[in-house]
Amino acid sequence: AEDERDRIARDLHDSVTQRMYSVSFLADALAHQAADGDDADTAATARRVRELVISSLAELRALLFELQPQAFDETPLGLLIEQLGEHAAATSDLRVDVEAQPASGVPPHVKGALYRITQEALSNACRHSGGERVRVTLAEADGVASLVVEDDGHGFDVATATTGRGLANLRRRAAQTGADIEVGTTPGGGTIVEVRWARQPTATELVGIERST
């Protein structure tokens, strides 16, 4: 099954992805030609075609990662989150700013959880926030990783929010890794999702701490 997933991923990358890139270039060229010829309707249609192709490429890239777990494992978390930001920007009207460190010290299970939390939080912002901008920040230092996803939308009342907003998924994923998560929001005040994961000391480190004390 893994070999078959790899084959499908290679085929998608080598054929579909390259053709979609070609379509985006052609649509861009058509938009410029139509604009030069003062054909506003055709230019607008061509730009829309290009936007759809770019968003489809972003979704295809995400699918390729799903098909190839090894590619996911080998890609730094910061780059994965940057790609999530590109996808969100391509498939919504929001401006998405990402500042992400590689976070190479995060173990695989935490890496997967932070990736999914980012994906869920960005999806919520794109679908529900009604804002203009989302900012994603990932940092890691001294065994502590922090993730922040903040939008400038209309916010909501956490107490009355439905599970459709994905809050339960966010909290569940954080809990599975022992991370702390806070969702701050008020109606009209935007929303901020903050996640903090701290590496627990190993048994050897604990022994060293006890001896030093």
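1. Topic: the sheet that holds strand S4 (residues 180–185)
Here is step 1 of the chain: Pairing in this open sheet of five strands is mixed, and the strands run S1-S2-S3-S5-S4 from one edge to the other. On the outer flanks of this sheet lie strand S1 (95–100) and S4, each paired with one strand and no other. Each neighbouring strand pair of the sheet contributes to a mean axis angle of 10 degrees, computed without reference to strand direction.
Here is step 2 of the chain: Pairing of strand S2 (residues 133–141) with strand S3 (residues 144–151) involves eight bridges; the strand directions are antiparallel. By the bridge assignment, alanine 139 is partnered in S3 with serine 146.
Here is step 3 of the chain: Packing against the sheet, helix H4 (residues 77–90) makes contact with S1, S2 and S3, and its axis sits at approximately 175 degrees to S1.
Here is step 4 of the chain: Lying over the sheet, helix H5 (residues 108–129) contacts S1, S2, S3 and strand S5 (191–198), oriented at roughly 10 degrees with respect to S3.

2. Side note on empty space enclosed by the protein
Here is step 1 of the chain: The full count for this structure, using the stated rule, is two cavities of 30 Å³ or more.
Here is step 2 of the chain: Considered as a void within the structure, the largest cavity measures approximately 180 Å³ in volume.
Here is step 3 of the chain: Taken together, 16 residues form the lining of the largest cavity, with Asn124, Ala125, Asp151, Phe156 and Thr191 sitting closest to its centre.
Here is step 4 of the chain: Going through the elements one at a time, H5, S3, helix H6 (167–177) and S5 are the ones with two or more residues in the lining of the largest cavity.
Here is step 5 of the chain: No other element matches the five residues that H5 contributes to the lining of the largest cavity.
Here is step 6 of the chain: Taken together, the residues of the lining of the largest cavity break down into eight nonpolar, six polar and two charged.

3. Examining the layout of surface pockets
Here is step 1 of the chain: By volume, the second largest pocket is sized at about 160 Å³.
Here is step 2 of the chain: Together, Leu84, His87, Ala88, Thr91, Gln119, Glu120, Leu122, Ser123, Cys126 and Arg127 line the second largest pocket.
Here is step 3 of the chain: Looking at the lining of the second largest pocket, the elements with two or more residues in it are H4 and H5.
Here is step 4 of the chain: For the lining of the second largest pocket, the leading source of residues is H5, giving six residues.

Scoring rules and cut-offs
- Residues numbered from 1 in each chain as written.
- Predicted model: local features only at pLDDT ≥ 70, side-chain atom pairs only at ≥ 80, totals over all residues.
- Heavy atoms only, no water.
- Pairing = 2+ DSSP bridges.
- Helix = DSSP H or I, 4+ residues; strand = E, 2+ residues; numbered from the N terminus.
- Axes fitted to C-alpha atoms, helices over the stretch in contact; angles between N-to-C directions.
- Contact = heavy atoms within 4.5 Å.
- 1 Å grid on protein atoms, 1.4 Å probe; cavity = no way out; pocket = protein on both sides within 12 Å on 5 of 7 lines; lining within 4 Å.
- Points joined across faces, edges and corners; volume = space filled by probe spheres on them.
- Nonpolar A, V, L, I, M, F, W, Y, C, P; charged D, E, K, R; others polar.

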